[in-house]
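So the chains spell out like this:
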Amino acid sequence: MLAAGLALMLMFAFPLWRITLEAPQYPKGLSMFIWVNKITGSEPSTLQNINIMNHYIGMKAIEPDSIPELQFMQYIIIVFAGLAFLLAWLNKWQANLVWLVILVGAGALAIYDFYLWEYDYGHNLDPHAAIKIEGMAYQPPLIGKKIILNFTALSWPQLGSLFMTLSMILGTLSVFKGRKQKRIIG
Amino acid sequence: MNLKSIRNLFVLSLVLGLMASCGGNKSGAGGPLGAGDAAQKVYVAPGEYDDFYAFLSGGFSGQVSVYGLPSGRLLKVIPVFSLDAEKAWGFNDETKPMLETRHGFIPWDDAHHPELSQTDGVPDGRWLFINANNTPRIARIDLTTFETVEIIELPNSAGNHSSPFTTPNTDYVVAGTRFAVPIPQRDMPINEYAGNFKAALSFVSIADDGRMDIAFQILMPGFNYDLAHSGKGPSDGWMFFSSYNTEESNTLLEVEASKHDKDFIAAINWKMAEQLVADGKFEEMNSPYMVNFYDEHTHMATSETRNSVKTIKAADHPGLVYFMPTPKSPHGVDIDPSGEYIVGSGKLSADLTVHSFTKMKAAIAAEDFEDERYGIPVLNFDATLAGVVKSGGLGPLHTEFDNNGNAYTSFFISSEIVKWKVGTWEVLDRAPCYYSIGHLMVPGGDSKQPWGKYLLALNKITKDRYLPTGPELNQAAQLFDISGGKMQLILDFPTIGEPHYAQAIPADLIIEQQKQIYKLEENMHPYAVKSEDEVKVTREGNVVRIYLTTIRSHFAPDNIEGIMVGDEVHFHVTNLEQDFDVPHGFAIMGAQTSELLIMPGQTESNVWYPKYEGVIPFYCTDFCSALHQEMQGYIRVSAKGSNPELKWWVGTDE
Ligand SMILES: [Cu+2]
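So, a few notes on the structure that sits alongside this text.

Reading guide: rules and limits
- Residues numbered from 1 in each chain as written.
- Chains lettered and ligands numbered in written order.
- Predicted model: local features only at pLDDT ≥ 70, side-chain atom pairs only at ≥ 80, totals over all residues.
- Heavy atoms only, no water.
- Donors = N, O, S within 2.8 Å, 3.2 Å for Na, K, Ca; no water.
- Tetrahedral: all angles 85-135°; square planar, octahedral: opposite > 155°, others 65-115°.
- Buried < 20%, exposed > 50% of the residue type's maximum accessible area, 1.4 Å probe, protein only.
- Contact = heavy atoms within 4.5 Å.
- Buried area = accessible area lost by both parts, 1.4 Å probe.
- Salt bridge = Lys/Arg side-chain N within 4 Å of Asp/Glu carboxyl O.
- Phe/Tyr/Trp six-rings, centres within 6.5 Å; stacked < 30°, edge-to-face > 60°.
- Helix = DSSP H or I, 4+ residues; strand = E, 2+ residues; numbered from the N terminus.
- Lys NZ or Arg CZ within 6 Å of the ring centre and 35° of its normal.
- Patch = residues over 30% accessible without salt bridge, like charges linked within 9 Å, V, L, I, M, F, W, Y side chains within 5 Å.
- Areas by Shrake-Rupley, 256 points an atom, 1.4 Å probe, with all protein chains shown as cover.
- Lys, Arg positive; Asp, Glu negative; His and termini not counted.
- Charge placed at Lys NZ, Arg CZ, Asp CG, Glu CD.
- Polar contact = N/O pair within 3.5 Å; in protein donor to acceptor, adjacent residues only side chain to side chain.
- Pairing = 2+ DSSP bridges.

Residue and element names in this part refer to chain B. Every protein donor of the copper ion is listed here as His 584 (ND1), Cys 620 (SG), Cys 624 (SG) and Met 631 (SD), and their distances to the metal cover 2.1 to 2.5 Å. For the copper ion, the four donor atoms in the first shell make angles of 95 to 129° at the metal, so the coordination geometry reads as tetrahedral. Given the relative accessible area of 1%, Cys 620 is considered buried. The class for Met 631 is buried, based on a relative accessible area of 0%.

Shown next as structure tokens:
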């Protein structure tokens, strides 16, 4: 459980997700990184440049400050990590299982939430946009590749998400290990 | 050979040259087979990069053009000494001070010799220097932005031709004068030139940040100092200037200044001059000059006047200057990569005279002097002579070197390049030029470690090389592959202005240092606005300032009211973009100035004097985006004295 907690803390050191927009005019692509508490770009001005592109189709500007998840998500992870450390000390596999189930639930919820944001940015467009194409939505893929007008959008999880997955795996291991030990002792 | 026979030869070769060029017998890359080979050598596939950046002086265009080699593709024209309406150079408030001199604002000059800064005798890609020949100045171009960032004026100089040649670590760039003049200037009869006129050789110090200052000037006899090159390796610490008109004549120089069989290469011990200055052995002379500096953070140039220079009289300090007799009005003075050989090109001669630095030192030690001019020892010609290149050509001008111990000399009159071996003086190859080559350039060919590979011929006469374009033709550059034993002509391309000299550097050395944008948060321009929330219009009397921003695809504000006929309207336009290659332009109808072309993160300003009432449009001149055409606005101009309220907006209706 200790390792599971540490893996969660490592989520702060790496982005969770990466969305890259590729077009001929952007030979290196415009990459946006989503972290537990911020959104960054491949260069300091990338977010501004993506927003400039998006304003032509009427997409809302991506402003990290106005996304509440980026404010509170970090505390949830800290709480999960803190609980993991506590559970490591308690060494009760049933408690570990409860922790794991809630974490997996939270993870699934986060991905769904991410999808909702993408849906919102992609569909909730300014009716006065300069470029309007009937029936067109600009939602980037949750995972994988999608062609949106002149851009190819790529969306892939990053190390941060992998550490969360690792934490879940470690949590699962601790549950199994705990049950096995219990049986031996019992 | 007497004077008359030289002149006859000159006329004959001109006639022959003209006949050759009028005959329509065009020569080129050596027939069909050679042409295919040449095409491959210069082919840079779409999206690929050239191996070298080449910097060609613009001559009478006053600018520097940057080409890729071997493709010959034009990459950029850098405005330096001449107005450039395209880039607002000398038109916007920010760059006007760059062209200020003690004579006032000067919109043009004649730029001859680009010179890359060096570290340990090798071009390092920090800066490019270039001289203004007419109103003596030196400019410094920053090679992270390819922009001119400093221009220093040279007092006591006239005809800044032997300039700006660097010492091996860019401690100094030198600037000799090709006209002798009274120093200090005064009203005196022209025909009292001899013995009275002087020539100043300026040593311009280059600080670690590139800033220029005149460290000292050496006052020389009034000969015409034509070109220069620094010693290196064993000859480091010495600077060599070629000279002509040691006859000191002031009229019909083509005859009068060709009388002496030999003129001089002046060897200057600049380390000693440096020490003299440190020891206080100089005279401070009141001679004001201007220094113009462009600050990348304020995006603005300022002019400063400095009042005096430290001067050293050459004749007063034994050991400071020696003259080496060199036949036939030497033009180029070129030092081989080892630093041992000093090549003088007597421009009315068939031969090259090569002096040895070792022998020069020995002759100085032995006081082997054949004469003295104005107190300066003239070394015995035979004592310093290392060899003569019997070229078989006529009219040698300049020599560059490769990385295999070979030298290449341009011959104007016989219109060819002669390749010869340093040390044996044996001629190895010759290649015709189309037509009448001036300078030539091998990448790093004037440095301690030439990169070799290519040779660029900078020709003075074009004639029939390209599709005809009326009487005025662009000058021709020709690229040779010199990697084999024989020089092979592989490309011919037209240039901008009249390239005199050129420099080249491997692309790898400077490609990574290129700036893509200016950071908006570092913009310290006094009239910058960093977001659309800050835009405003202010009035003080009849001076109106409009603080505008640009971002794809609109101005803020784009509607402005409250301007009156007779106002002086300043536009301060900040480009809020932070993306590579997204400049915006700005132009307003009736402005008696150029457009503005503003790079991301930059602020530029110009002035408009509205003359008539009405609603006047302005727009973005750079195709910035899909809605570039919509990037436009209006300014309402009301009657003089009507005092309308200042109003501005974007996206609303008031
Ligand atoms: Cu624009």
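There's plenty left to go through after this.
A separate point is the interface of chain A and chain B. When the parts come together, some accessible area is lost, and that loss is often what is quoted as the size of the interface. Every contact between the two is made by ten residues of chain A and, on the other side, eleven residues of chain B. Between chain A and chain B, a total of about 810 Å² is buried, with carbon and sulfur atoms accounting for 48% of that surface. Its largest share of buried area at the contact with chain B, chain A owes to A:Gln48, A:Ile52 and A:Tyr56, together 47% of the area lost on that side. Scanning the region where chain A abuts chain B turns up zero salt bridges.

Bringing the packing of aromatic side chains into the picture now. Describing an aromatic ring pair means giving the distance of the ring centres and the angle of the ring planes. A complete count under the given rule lists 33 aromatic pairs over all chains for this structure. With a centroid separation of 6.5 Å and 35° between ring planes, the pair formed by A:Tyr115 and A:Tyr119 is classed as tilted. A residue pair is termed a helical-turn pair when its members lie 3 or 4 positions apart in one helix, as A:Tyr115 and A:Tyr119 do in helix α4 (residues 93-123) at four residues. Note on A:Tyr119: relative accessible area 39%, which makes it partly exposed. Ring geometry for B:Phe264 and B:Phe323: centres 4.6 Å apart, planes at 10°, overall stacked. You can see B:Phe264 sitting in strand β16 (residues 262-269) and its partner B:Phe323 sitting in strand β19 (residues 321-327), a full 59 residues away along the chain. A relative accessible area of 0% places B:Phe323 in the buried class. Within the aromatic cluster, the residues linked to one another by ring pairs are B:Phe555, B:Phe571, B:Phe586, B:Trp608 and B:Phe618. In this arrangement the basic side chain of B:Lys347 is found over the ring face of B:Tyr244, its NZ or CZ atom lying 4.3 Å from the centre. Over the ring of B:Tyr547 we find B:Lys536; its NZ or CZ atom is 4.8 Å from the centre of that ring.

Residue and element names in this part refer to chain B. A surface patch of like charges, here negative, comprises Glu 370, Asp 371, Glu 372 and Asp 382. With three residues, strand β23 (residues 369-373) is the largest single contributor of residues to the negative patch. Relative to the assigned elements, Glu 370 resides in strand β23.

All names here are of chain B. One can find Ser 243 in strand β15 (residues 238-244). Given the relative accessible area of 1%, Ser 243 is considered buried. At 2.9 Å, the side chain of Ser 243 and the backbone oxygen of Phe 264 are in polar contact. The residues touching Ser 243, leaving out its near neighbours within four places in the chain, are Phe 223, Asn 224, Tyr 225, Asp 226, Asp 263, Phe 264, Ser 329 and Pro 330.

A few words on unusual backbone geometry. Residues and elements named next belong to chain B. Omega for the peptide link from Arg 552 to Ser 553 comes to -5°, which places this bond in the cis form. Inspection of the secondary structure puts Ser 553 in the loop between β36 (543-551) and β37 (554-556). With an omega of -10°, the peptide bond running from Ala 556 to Pro 557 counts as cis. By the element assignment, Pro 557 lies in the loop between β37 and β38 (559-564). Positive phi, normally seen in glycine, also occurs at Phe 146, with a value near 55°. By relative accessible area, Phe 146 is classed as buried at 7%. In this model, Asn 245 sits at a positive phi of 50°, which is unusual for a non-glycine residue. You can see Asn 245 is positioned in the loop between β15 and α3 (253-256).

Looking along a regular strand, one sees the side chains alternate between the two faces of the sheet. All names here are of chain B. Among the five residues of strand β30 (residues 437-441), five are classified as buried, and the element is accordingly described as predominantly covered. With three bridges joining them, β30 and strand β31 (residues 454-459) adopt antiparallel strand pairing. The residue of β31 that forms the bridge with Leu 440 is Ala 457.

Burial analysis of helix α2 (residues 46-55) of chain A places eight of its ten residues in the buried class, which makes it a mostly covered element. Buried within α2(A) we find A:Thr46, A:Leu47, A:Asn49, A:Ile50, A:Asn51, A:Ile52, A:Met53 and A:Asn54. The inward-facing, buried residues of α2(A) abut β1 (17-23), β2 (26-34), β3 (39-41) and β5 (151-157) of chain A together with β36 of chain B.

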